[in-house]
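# A closer look at the structure
As a plain string of letters, each chain reads:
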Amino acid sequence: MHEEDNTLNFVKEMDAFPKVPESYVETTASGGTVSVLAFTAMALLAFFEFFVYRDTWMKYEYEVDKDFTSKLRINIDITVAMRCQCNSVAVQVAPETMVASDGLQYEPVIFELSPQQRLWHRTLLLIQNHLREEHSLQDVLFRNIMKGAPTALPPREDDPTQPLNACRIHGHLYVNKVAGNFHITVGKAIPHPRGHAHLAALVSHETYNFSHRIDHLSFGEEIPGILNPLDGTEKVSADHNQMFQYFITIVPTKLQTYKVSADTHQYSVTERERVINHAAGSHGVSGIFMKYDISSLMVKVTEQHMPFWQFLVRLCGIIGGIFSTTGMLHGLVGFCVDVVCCRFKLGVYKPKSMSVFDGHVNSLTPLLSENAEH
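Residues numbered from 1 in each chain as written. Predicted model: local features only at pLDDT ≥ 70, side-chain atom pairs only at ≥ 80, totals over all residues. Heavy atoms only, no water.

### What to know about a nonpolar patch on the surface
- A contiguous nonpolar patch, built from Leu 44, Leu 45, Phe 47, Phe 48, Phe 50 and Phe 51 and spanning about 600 Å² of accessible area, is present on the exposed surface.
- Mapping Leu 45 onto the fold places it in helix 2 (residues 29-54).
- Residue Leu 45 is classed as partly exposed on the basis of its relative accessible area of 40%. (Patch = residues over 30% accessible without salt bridge, like charges linked within 9 Å, V, L, I, M, F, W, Y side chains within 5 Å. Areas by Shrake-Rupley, 256 points an atom, 1.4 Å probe, with all protein chains shown as cover. Salt bridge = Lys/Arg side-chain N within 4 Å of Asp/Glu carboxyl O. Helix = DSSP H or I, 4+ residues; strand = E, 2+ residues; numbered from the N terminus. Buried < 20%, exposed > 50% of the residue type's maximum accessible area, 1.4 Å probe, protein only.)

### Some remarks on the packing of aromatic side chains
- Applying the stated rule across the entire model yields 11 aromatic pairs.
- Between Phe 47 and Phe 51, the aromatic rings sit 4.9 Å apart at their centres with planes inclined by 75 degrees, giving edge-to-face as the arrangement. Here Phe 47 pairs with Phe 51, and both are found in helix 2, just 4 residues apart, close to one helical turn.
- Judged by relative accessible area, which is 46%, Phe 47 ranks as partly exposed.
- Connected via pairs of aromatic rings, a cluster forms that spans Phe 47, Phe 48, Phe 50 and Phe 51.
- A cation over an aromatic ring shows up here: Arg 213 above the ring of Phe 111, its NZ or CZ 5.0 Å from the ring centre. (Phe/Tyr/Trp six-rings, centres within 6.5 Å; stacked < 30°, edge-to-face > 60°. Lys NZ or Arg CZ within 6 Å of the ring centre and 35° of its normal.)

### Description of the UniProt feature "transmembrane region" (unreviewed entry) in the chain
- Taking the UniProt record as the reference, the feature "transmembrane region" (unreviewed entry) is found at residues 34-53 and 311-333.
- For residues 34-53, the end-to-end C-alpha separation is 28 Å, with 100% helix and 0% strand making up the annotated structure. (UniProt positions renumbered as here; feature names shortened; annotations may be inferred.)

### Overview of the pattern of salt bridges
- Within this structure, the stated rule accounts for 10 salt bridges.
- Of the charged contacts in the structure, one is a salt bridge between Arg 213 and Asp 215, with a shortest N-O distance of 3.3 Å. Pair check on accessibility: Arg 213 and Asp 215 agree, each one buried.

### Quick word on helix 3 (residues 115-133)
- With 19 residues, helix 3 extends 28 Å from end C-alpha to end C-alpha; this agrees with the ideal 27 Å at 1.5 Å per step.
- The set of residues buried in helix 3 consists of Gln 117, Trp 120, His 121, Leu 124, Gln 128 and Leu 131. One side of helix 3 holds all its buried residues, which, seen down the axis, span an arc of 100 degrees. Exposed side chains of helix 3 directed beyond 90 degrees from the buried face belong to Pro 115, Leu 119, Arg 122 and Glu 133. (Expected span 1.5 Å × (residues − 1). Arc of directions from axis to C-beta.)

### So, the nonpolar core
- Ile 74, Leu 217, Ile 248 and Met 290 are the most contacted members of the largest nonpolar core, which totals 30 residues.
- Elements with a minimum of two residues in this core: strand 2 (71-80), strand 6 (166-176), strand 7 (180-186), strand 10 (212-220), strand 12 (242-256) and strand 14 (287-294).
- Ranked by residue count, the leading element in this core is strand 2, at 5 residues.
- Residue contacts for Met 290: discarding those within four places in its chain leaves Ile 78, Gly 180, Asn 181, Phe 182, Ile 214, Leu 217, Tyr 246 and Ile 248.
- Counting 7 residues, the second largest nonpolar core, distinct from the first, contains Ile 226, Leu 255, Val 299 and Val 301. (Core = buried A, V, L, I, M, F, W, Y, C linked by side-chain atoms within 4.5 Å. Contact = heavy atoms within 4.5 Å.)

### Considering the environment of Tyr 246
- Examined against the element boundaries, Tyr 246 turns out to sit in strand 12.
- Distance from Tyr 246 to Ser 268, taken between C-alpha atoms, is 9.9 Å for residues 22 residues apart in sequence.
- Excluding residues within four positions of it along the chain, Tyr 246 makes contact with His 212, Ile 214, Leu 230, Thr 233, Lys 235, Val 269, Thr 270, Glu 271, Ile 288, Phe 289, Met 290 and Lys 291.

### Re helix 5 (residues 308-340)
- In a regular helix each residue adds 1.5 Å, so 33 residues correspond to 48 Å; helix 5 covers 48 Å between its end C-alpha atoms and thus fits that length.
- Three or more residues of helix 5 are buried, namely Phe 311, Ile 318, Ile 322 and Thr 326.

### Some points on the confidence of the model for the chain
- The pLDDT averaged across the chain works out to 76; a share of 69% of its residues lies at or above 70.
- The low-confidence segment residues 347-374 (pLDDT under 50) makes 14 contacts with residues lying over four places distant or belonging to another chain. (pLDDT = per-residue confidence, 0-100.)

### Points about the side chain of Gln 242
- Mapped onto the secondary structure, Gln 242 falls in strand 12.
- Judged by its relative accessible area of 4%, Gln 242 falls in the buried class.
- A polar side-chain atom of Gln 242 sits 3.5 Å from a polar atom in the side chain of Ser 237.
- When sequence neighbours within four positions are dropped, the list of residues in contact with Gln 242 reads Phe 210, Ser 237, Glu 273, Arg 274, Val 275, Ser 286 and Gly 287. (Polar contact = N/O pair within 3.5 Å; in protein donor to acceptor, adjacent residues only side chain to side chain.)

As structure tokens, this is what we get:
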């Protein structure tokens, strides 16, 4: 019987494969708690990582615009507080080149907005203020194209009885991709060899009122859901002879998202207004003038998404990192508990089991054992 025990011990010592200590497979309350916390953390982080994987972002690239032959579309929707018989739109793309404005419509309307329209207008101005302060919100608009509310002024919900005292000029124009200007002033535009002139002699200066509201002004393809810098702008004239000027810089933009692909244009604008008073040296013509210039650089805006393989790598990193971290924390906490509770005995020598070597019983005995006391 004693020889069989020695043989079994010898076989165990000759086993080349390490064995997991029995303490590793013991069921403990602390180990179960750590496992539950680890799996909970992994589930939460994996859930949040899935939302990160679903999210997209906009990538901006810049290159030289090589397209000089295509036409530039100008989308206009402006309401002027004067009767349509007094207003006219002139478009000039070169010092002596006029462009026909046949694509524009003149619609008699009421300048004052209805309660629902005023609420819509205030909401639009609030969004514009946020866009000026937080430029990153433009990415949100790009990603949610075709999903947001329409940016056009809604129709009136009431049936007013007051006279139509304003003119809504809306439609689109096609011009060459060169610097130019278009303006709204009194009198019909008549071209002549050195430019053009407006027949305004029959209209009294006392009736001039260039208070206006820009419901929409964009360049290029018109995309629902995109807000432009001048959308919702409202100006009230303080004098009959007042000039409003808008200096616009247009940037060609190629937009590529998962919902839409379009060639459009973004722009920035600088505003200026002054009263025309020839006696005081302030010369000019009363009206609304928009001078635009086109940038030679083009912006490519592309919506990008996290690759699936990167999502798997990040997910594996979360699982492996939590396993390693919880294991180290569990061991550290257990060590600290053993030290505090005085259950960690340092330096105690435990006897080895008797072993057989070359057929002889190992005669080495431990220095500290219960048999040594006898």
